[in-house]
Amino acid sequence: MKLQHLRGTEDLFPRETFLWNTVESRYRDLFHQYNYHEIRTPLLELTALFQRGIGESTDIVQKEMYTFSDRGGRSVSLRPEATASVVRAYLQHKIYGEAQPAKYYYIGPMFRYERPQTGRNRQFHQTGVEALGSEDPALDAEIITLAWRLLTLLGLKNNYLLLNSIGCHQCRPPYISQFTAFLEDKRERLCHDCQRRLEMNPLRVLDCKQKACQDTIDGAPTILDELCISCGDHFQRVQSYLQGVDVPYQLEEGLVRGLDYYTRTTFEIIDTNLGAQDAILGGGRYDGLAEEIGERRVPGIGFAMGLERLLISIKKEGLSFPQSTSPELYLVKIGEVHPQAFCQLQRLRDKGIRTEMDYLGRSVKGQMKAANRCNARYTLILGEEELKRGKVLLRHMESGEEEQVPLQALPDYCLERLKGRTNSTSTS
Ligand code: HAM
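Definitions and cut-offs
Residues numbered from 1 in each chain as written. Predicted model: local features only at pLDDT ≥ 70, side-chain atom pairs only at ≥ 80, totals over all residues. Heavy atoms only, no water. Helix = DSSP H or I, 4+ residues; strand = E, 2+ residues; numbered from the N terminus. Buried < 20%, exposed > 50% of the residue type's maximum accessible area, 1.4 Å probe, protein only. Near = heavy atom within 4 Å. Polar contact = N/O pair within 3.5 Å; in protein donor to acceptor, adjacent residues only side chain to side chain. Areas by Shrake-Rupley, 256 points an atom, 1.4 Å probe, with all protein chains shown as cover. Axes fitted to C-alpha atoms, helices over the stretch in contact; angles between N-to-C directions. Left-handed = near helix turned anticlockwise from the far one by under 90°. Contact = heavy atoms within 4.5 Å. Nonpolar A, V, L, I, M, F, W, Y, C, P; charged D, E, K, R; others polar. Core = buried A, V, L, I, M, F, W, Y, C linked by side-chain atoms within 4.5 Å. Salt bridge = Lys/Arg side-chain N within 4 Å of Asp/Glu carboxyl O. Phe/Tyr/Trp six-rings, centres within 6.5 Å; stacked < 30°, edge-to-face > 60°. Lys NZ or Arg CZ within 6 Å of the ring centre and 35° of its normal.

Tell me about unusual backbone geometry, residues and numbers included.
Between Gln100 and Pro101 the backbone carries a cis peptide bond, its omega angle lying at -5 degrees. Within the chain, Arg257 stands out as a residue other than glycine whose phi angle is a positive 70 degrees. Mapped onto the elements of the fold, Arg257 is located in the loop between strand E8 (250-251) and strand E9 (263-271). Classification of Arg257 as buried rests on a relative accessible area of 12%.

So, the site of the ligand: which residues are in play, and what are the values?
What surrounds the ligand is a group of 27 residues, the closest being Glu81, Thr83, Glu114, Arg257 and Tyr262. Take Glu81: an N or O atom from its side chain is 2.5 Å from a nitrogen atom of the ligand. For the ligand, the protein covers 96% of the area, taking 660 Å² as the surface of the free molecule. The element best represented in the shell around the ligand is strand E10 (residues 279-285), accounting for six residues.

Summarise the packing of helix H1 (residues 14-33) against helix H5 (residues 137-153); cite the residues concerned and give the values.
The contact between H1 and H5 brings their axes to 10 Å, and the two run at 145 degrees. Both H1 and H5 take part in a crossing whose hand is right-handed. Contacts between H1 and H5 pair Arg26, Tyr27, Leu30 and Phe31 from the former with Leu146, Arg149, Leu150 and Leu153 from the latter. In terms of residue class, the contact of H1 with H5 is made up of six nonpolar, no polar and two charged.

Report on the nonpolar core, specifying residues and quantitative values.
Residues Tyr36, Phe267, Ile280, Leu281, Phe303, Met305 and Leu310 are the most contacted members of the largest nonpolar core, which totals 96 residues. No other element matches H5, which puts nine residues into this core. If near-sequence neighbours (up to four positions away) are discounted, Met305 is found in contact with Tyr27, His125, Gln126, Thr127, Leu150, Leu151, Ile280, Leu281 and Leu310.

Any chance you could break down the pattern of salt bridges for me, citing the residues and the numbers?
Counted according to the given criterion, the structure contains 27 salt bridges. Across the pair Asp358 and Arg362 runs a salt bridge, and its minimum N-O distance is 2.8 Å. Assessed through its relative accessible area of 3%, Asp358 is described here as buried. In this structure, a network of salt bridges that share partners links the residues Glu24, Arg28, Glu38 and Arg40.

An account of the packing of aromatic side chains is requested, with residue identities and associated values reported.
Within this structure, the stated rule accounts for eight aromatic pairs. For the ring pair Tyr175 and Phe179, a centre distance of 6.0 Å and an interplane angle of 20 degrees mean the geometry is stacked. Placement of the pair is Tyr175 and Phe179 together in helix H6 (residues 172-183), with a separation of four residues, close to one helical turn. Residue classification places Phe179 among the buried positions, given a relative accessible area of 0%. Grouped by ring-pair contacts, the aromatic residues Tyr27, Phe31 and Tyr105 constitute a single cluster. A cation over an aromatic ring shows up here: Arg122 above the ring of Tyr113, its NZ or CZ 3.8 Å from the ring centre. Over the aromatic face of Tyr96 sits the side chain of Arg296, whose NZ or CZ is 3.6 Å from the ring centroid.

The following block contains the structure:
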């Protein structure tokens, strides 16, 4: 049997991880500007957390979780998303006793057994933010603004924001009754999945992509008309905050999202670079989730962005990011100077200079080629002759300019030369 990675998972080599890390460091700074700080929760949780948090009737819990019994006979699952885990951690560690709201972000792998295609993986990565402990509509607007700024900061332009409110536990049930009554005699026209959804979670029919279902629900009562006074007021305020900071949005009454914990505000950003899987990020408010998993009412709101989708979009737009990981200096050895070369390399590295040398016994020509291949800016040529004279040859790879540098002063001299060290790479 040939051993390969599992379908729907990926190996990321340095060319890719470099890009991921660069992008990541940009948005970490943005999160800190908004006072969100990193939380790390386990990849493995009790299955019950997701059953209760995400909801038994959702596709994620019904068909997509990696669930198994551990050696202690507990049913555990690889996390399909992180919101339920963040809320579990918040409750478990009694963070509600500290200053509120608690504002977190996370970056990491999630697991869903879905049919793999471009932008849809079985192990994928999300970065997300969650704010817990406040119902203030300004917090909804802050989270949505942060999501929008995140994409503009990275230079993505081909996207638009969809916004909705799906009400609360008071106004939603009467709306659902109206909606199911509307569909009562049209049930056969719905796709197979929606006929099932109608039984278990009728609102999900609203965001089915099938044309037949969309045609069938045409003319159905809309949730925005049925919001209770307090949800309506909350939603109005969210919108006025967004207008105040010029975040453009479109109301989308069908946006109910695929997880059961949402209440009130829901939103998604669609990226038109992406093709079929075009939701680059999604989120919403989940004021009932903490009660579902921990019997304490804690309002919360957040979103998560798919990093594979983000990277696809960045590449499609051919965006450039500063590159700073290739060696700045490649040490080329002439003759038997290995111990001295090794020491010089270490002196340079101790000064923070990125350096490399040959470990394969290549000829001088071969070493120059290797230096070229790894994009080194300078080569440093060191042989017995140079050691005797106490001087080495520093060569700028692009211009071919050469200079003799005293060995003693080498690290400081190179540091001076390398000032303004970043160069740029394109993703296209
Ligand atoms: P979600 O809509 O299930 O929401 O996922 C958020 C994002 O993760 C999607 O917009 C997409 O970019 C990415 N994503 C989801 N599934 C896959 C997949 N199979 N392959 C690649 N990317 C994928 C949540 O997960 C919620 N926890 C978001 C949230 C946070 N709501 C409140 N707080």
